[in-house]
Amino acid sequence: MEIVIVPDAPAQGELAAAAIADLVARKPDAVIGVATGSTPLPVYQALQRRREQGLSLDRARICQLDEYVGLPAGHPESYREVVRREVLDRLGIGDDRFMGPDGSAADVVQACADYERTLAAAGGVDLQLLGIGTDGHIGFNEPISSFGSRTRVKTLTRQTRVDNARFFASLDEVPQHVLTQGIGTIMEARHLILLATGESKAEAVALAVEGPLAAIVPASVLQLHPHATVILDEAAASQL
Ligand code: GLP
């Protein structure tokens, strides 16, 4: 695992965007896995700037990591809409080059299996961006998720619902259930880039990077990945 400590979030965004630019230069139709949350936003902004300066993403494909269950299609906080706003619209990528699990499906268990098949048919994920929850989760794989898990329905912990309540009018509106790529699914991506900023992530980062491999800290699985890059700001690195 490669750990890179940079001064701030914009520098983090530049570094991750550079890795994505290198990838699409080598493989124009690369599958890029994006994450939601606040942390990766500077990456998408940096990619937008690079695109304005000539970076071509004309064949790149985007896939989603996770999704809330039960939000109506088009809900502004559904991750599909967040990815549309923050990634697809910004980078001029159409729906035909986007893949995501359907959290509004009548049969969400089937939607998980369908998404696994979609990712496999796309040839797998070339580069997956990840944030980290304050409890060490990746995607929506909460503590004690199996390291071998596939895309499935999960129940959020209260902590994660509280952390994500800032995007909703109240805690009650944060869905209880989600669909998430499993840890085993995430680990099949050929390059993982985990980003963390701020003091609130410092403990989870230290446990993930320097602690024992443990299902209680889902992000610790990155220690097993052959190509994992962890990009931190000074505050997120403060307990290393
Ligand atoms: C959510 C997402 C994760 C994300 C996490 C941290 O739980 N499912 O993919 O990493 O939030 O979000 P933030 O970057 O806003 O701290």
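Residues numbered from 1 in each chain as written. Predicted model: local features only at pLDDT ≥ 70, side-chain atom pairs only at ≥ 80, totals over all residues. Heavy atoms only, no water.

S.K.: An account of the sheet that holds strand β4 (residues 66-68) is requested, with residue identities and associated values reported.
M.R.: In a beta sheet, neighbouring strands pair by backbone hydrogen bonds and run either parallel or antiparallel. On the basis of which strands lie adjacent, the open sheet formed by 3 strands has the order β4-β8-β7 and antiparallel pairing. Lying at the two open borders of the sheet, with one neighbouring strand each, are β4 and β7 (152-155). If you compare each strand with its neighbour and ignore which way they point, the axes differ by 30 degrees on average. Where β7 meets strand β8 (residues 177-180), 4 bridges bridge the pair, whose relative direction is antiparallel. Among the inter-strand pairings, T155 is bridged to a residue of β8, identified as H177. (Pairing = 2+ DSSP bridges. Helix = DSSP H or I, 4+ residues; strand = E, 2+ residues; numbered from the N terminus. Axes fitted to C-alpha atoms, helices over the stretch in contact; angles between N-to-C directions.)

S.K.: Help me get a handle on the site of the ligand, residues and values and all.
M.R.: Not every one of the 13 residues close to the ligand is listed here, only the nearest: S38, T39, D66, R166 and K201. Within the side chain of H137, a nitrogen or oxygen atom sits 2.8 Å from an oxygen atom of the ligand. A distance of 3.2 Å separates a nitrogen atom of the ligand from a polar atom in the backbone of G139. Considered class by class, the residues forming the shell around the ligand number 3 nonpolar, 7 polar and 3 charged. (Near = heavy atom within 4 Å. Polar contact = N/O pair within 3.5 Å; in protein donor to acceptor, adjacent residues only side chain to side chain. Nonpolar A, V, L, I, M, F, W, Y, C, P; charged D, E, K, R; others polar.)

S.K.: Provide a residue-level description of the side chain of R161, including the pertinent values.
M.R.: Here R161 lies in helix α5 (residues 158-164). Buried and unpaired, R161 has D172 as its nearest opposite-charge partner, separated by 5.3 Å. Contact partners of R161, with chain neighbours within four places excluded, come to L156, L171, D172, V174, P175 and Q176. (Buried < 20%, exposed > 50% of the residue type's maximum accessible area, 1.4 Å probe, protein only. Lys, Arg positive; Asp, Glu negative; His and termini not counted. Salt bridge = Lys/Arg side-chain N within 4 Å of Asp/Glu carboxyl O. Contact = heavy atoms within 4.5 Å.)

S.K.: How would you summarise the pattern of salt bridges if you had to cite specific residues and measurements?
M.R.: This structure, assessed with the given rule, holds 12 salt bridges. R61 is paired through a salt bridge with D29; the nearest N and O atoms lie 3.9 Å apart. Taken together, the residues span a long stretch of sequence, with R61 in strand β3 (residues 61-64) and D29 in the loop between α1 (9-26) and β2 (31-34) at a distance of 32 residues. Given the relative accessible area of 26%, D29 is considered partly exposed. Salt bridges linked by common partners bring K27, D126 and R190 together as one network.

Functional significance is not addressed by these values, which are geometric in nature.
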